[in-house]
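An overview of the molecular structure
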Amino acid sequence: MSVHHLNATPETVVWGRFSAQIDPVLTIRSGDSVVVETYSGIAELYPPEGSGMTVSPRLKAINEAVLPFRWGHLLTGPIAVEGAMPGDVLEVRIEAVEPLADWGFSAIEPFDGTLPHDFIMPERVLSHISVDRAARTAKMPWGTTLPLNPFFGVMGVAPPPEYGEISSREPRKHGGNLDNRRLTAGTTVFFPVWAEGALFTCGDGHGMQGDGEVCVTALEMALEGRFTLVLHKAGSVAERALPRAESSSHLISMGFDADLDEALRIAVREMIAMVCECTTLSRTEAYQLCSLAADFAVTQSVNGEKGVHGVLPKSALAGVEVRS
C-alpha cells in the first residue's frame, strides 16, 4: 500500500466547513496511509514578535491567502477514498500524532464557553503556551508544565449532500468537531460514509485538552497525523449512524445533541449496540454492563451540539462469547 503526504497550503485547506460539494485535494485507495499536516490560528492569534515562538511560513501563507471563512477551524483536506459510497463505513486508523510547532494558544472568547456569564469581558483573553516537542510537554504562562496528549479536535467525512455546507463547529453524524481527547495515536475511528469518496478531513490540532473543553479552547496548535484509511463496503460491517472508536484496550462510543442528557442517552445506546455487535450479550445484559464497567464523560459542552463519550475496557468482556 502507498503512503501519501498532504501538506497544508492555501490549495489544500478549508476554514471551518464540511460539504459533499468540496472537491478532494487528494484521492487514495483503501488501505493507503496519508501523513497530513495541519495548522491552527488566524493571524491575530500569532504569538508576539520577540516571544521566541516561531510561526510557520505555511500558516502565514494560508492566512495571507484570505480564503473563504466559515468557522475558526483550519482543516486539511478533503481526502477521497476510491470506491467509497453512501452506506459504506470508513475506518480511520490513527497511527501517529506529532506536534509541529513550539507553541500553541488558549483563549477565552466573550460570551462563549461553559460559563459565559461568569467571565464577561469586552475582548478575547489570549494565552500563548510554549511547547517542548522533544520532551512532549507544554509550559503554562503561570509556570506549570503539563504533558502533551495530542489529538485532532476535528475529524470527519462529508455530511449527507442534502445538508449543503455546514459549519465545523458542531459535531454531527459525519463527525466533525468531536473534541474527544481519547482519539489519540493507536485509536481507530469508524465513520459512516454519506457521500461519494467519503471525503475525510481533519484539523483543529489539540496538544492537550480536558474532558469538557470548558473555556472553549484546548491547547490549539499545529499537528501532523499519520492515518491509514480502510473502506468497508455496505453490508460488510454493521450499519452505523454515528462515529465510533476503539483502541487496543477500550471501546469508545459517542453521542451528540444540544441537550446534554440526550447526548448521554445516545452515547449509552451506542455503547450497548457496540457490545451487542461484538459479543453474544443481550441488550439488557449490555445495559447492565455499561452501568457496572463503562465510564461516560462530557466530551465538550461548548459547541452548540454537546458531546458525551463512553469508554468501556475490553477487559470487561473477558469470558464473554465473541461473535465471529
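Our subject in this report is the structure included herewith. Note that the structure is predicted; figures quoted are calculated from it, not measured.

1. As for helix α1 (residues 57-64)
- Along α1, the residues that are buried comprise Leu59, Ile62 and Asn63. Viewed end-on, α1 has its buried residues packed into an arc of 95°, placing them on one side of the element. Opposite the packed face of α1, turned more than 90 degrees from it, sit the exposed residues Pro57 and Glu64.
- Elements that come into contact with the buried residues of α1 comprise β2 (13-15), β6 (74-81) and β8 (103-108).
- Downstream of α1 by a residue or two, Val66 has a phi angle that is positive, lying close to 50°.

2. Some thoughts on the pairing of strand β12 (residues 151-156)
- Along β12, 6 of the 6 residues are buried, which leaves the element largely enclosed by surrounding structure.
- The sheet contact formed by β12 and strand β16 (residues 200-206) spans 5 bridges and is antiparallel. What sits directly across from Met155, in β16, is Cys202.
- As paired strands, β12 and strand β14 (residues 175-177) are joined by 3 bridges and run antiparallel to one another. Looking at β14, one finds that Val154 is bridged to Asn177.

3. Focus: the side chain of Glu220
- Along the chain, Glu220 falls in the loop between β16 and β17 (223-232).
- The charged side chain of Glu220 is buried without a salt bridge, its nearest counter-charge being Arg124 at 11 Å.
- A polar side-chain atom of Glu220 sits 3.3 Å from a polar atom in the side chain of His206.
- A distance of 2.8 Å separates the side chain of Glu220 from the backbone nitrogen of Ala218, its partner in a polar contact.
- Discounting residues that sit within four places of it in the chain, Glu220 has contacts with Ser40, Gly104, Phe105, Asp204, Gly205, His206 and Glu213.

4. Comments concerning the packing of aromatic side chains
- Applying the stated rule across the entire model yields 4 aromatic pairs.
- Seen from their ring centres, Phe191 and Phe200 are 6.3 Å apart, and the 55° between their planes marks the pair as tilted. Both residues of the pair, Phe191 and Phe200, belong to the buried class.
- Ring geometry for Phe200 against Phe227: centres 5.4 Å apart, planes inclined by 65°, an arrangement best described as edge-to-face. Within this pair, whereas Phe200 is found in strand β16, its partner Phe227 is found in strand β17, the two being separated by 27 residues in sequence. The burial state of Phe200 is the same as that of Phe227; both residues are buried.
- An aromatic cluster of at least three residues, connected via ring pairs, comprises Phe152, Phe191, Phe200 and Phe227.
- Residue placement shows Lys173 over the ring face of Trp194; its charged tip is 4.4 Å from the ring centre.

5. Details of the environment of Met208
- Mapped onto the secondary structure, Met208 falls in the loop between β16 and β17.
- By relative accessible area, Met208 is classed as buried at 15%.
- As a C-alpha pair, Met208 and Leu146 span 62 residues in sequence and 8.7 Å in three-dimensional space.
- Residue contacts for Met208: discarding those within four places in its chain leaves Ala138, Met140, Leu146, Pro147, Leu148, Asn149, Ala218 and Leu219.

Rules and cut-offs
Residues numbered from 1 in each chain as written. Predicted model: local features only at pLDDT ≥ 70, side-chain atom pairs only at ≥ 80, totals over all residues. Heavy atoms only, no water. Buried < 20%, exposed > 50% of the residue type's maximum accessible area, 1.4 Å probe, protein only. Helix = DSSP H or I, 4+ residues; strand = E, 2+ residues; numbered from the N terminus. Arc of directions from axis to C-beta. Contact = heavy atoms within 4.5 Å. Pairing = 2+ DSSP bridges. Lys, Arg positive; Asp, Glu negative; His and termini not counted. Salt bridge = Lys/Arg side-chain N within 4 Å of Asp/Glu carboxyl O. Polar contact = N/O pair within 3.5 Å; in protein donor to acceptor, adjacent residues only side chain to side chain. Phe/Tyr/Trp six-rings, centres within 6.5 Å; stacked < 30°, edge-to-face > 60°. Lys NZ or Arg CZ within 6 Å of the ring centre and 35° of its normal.

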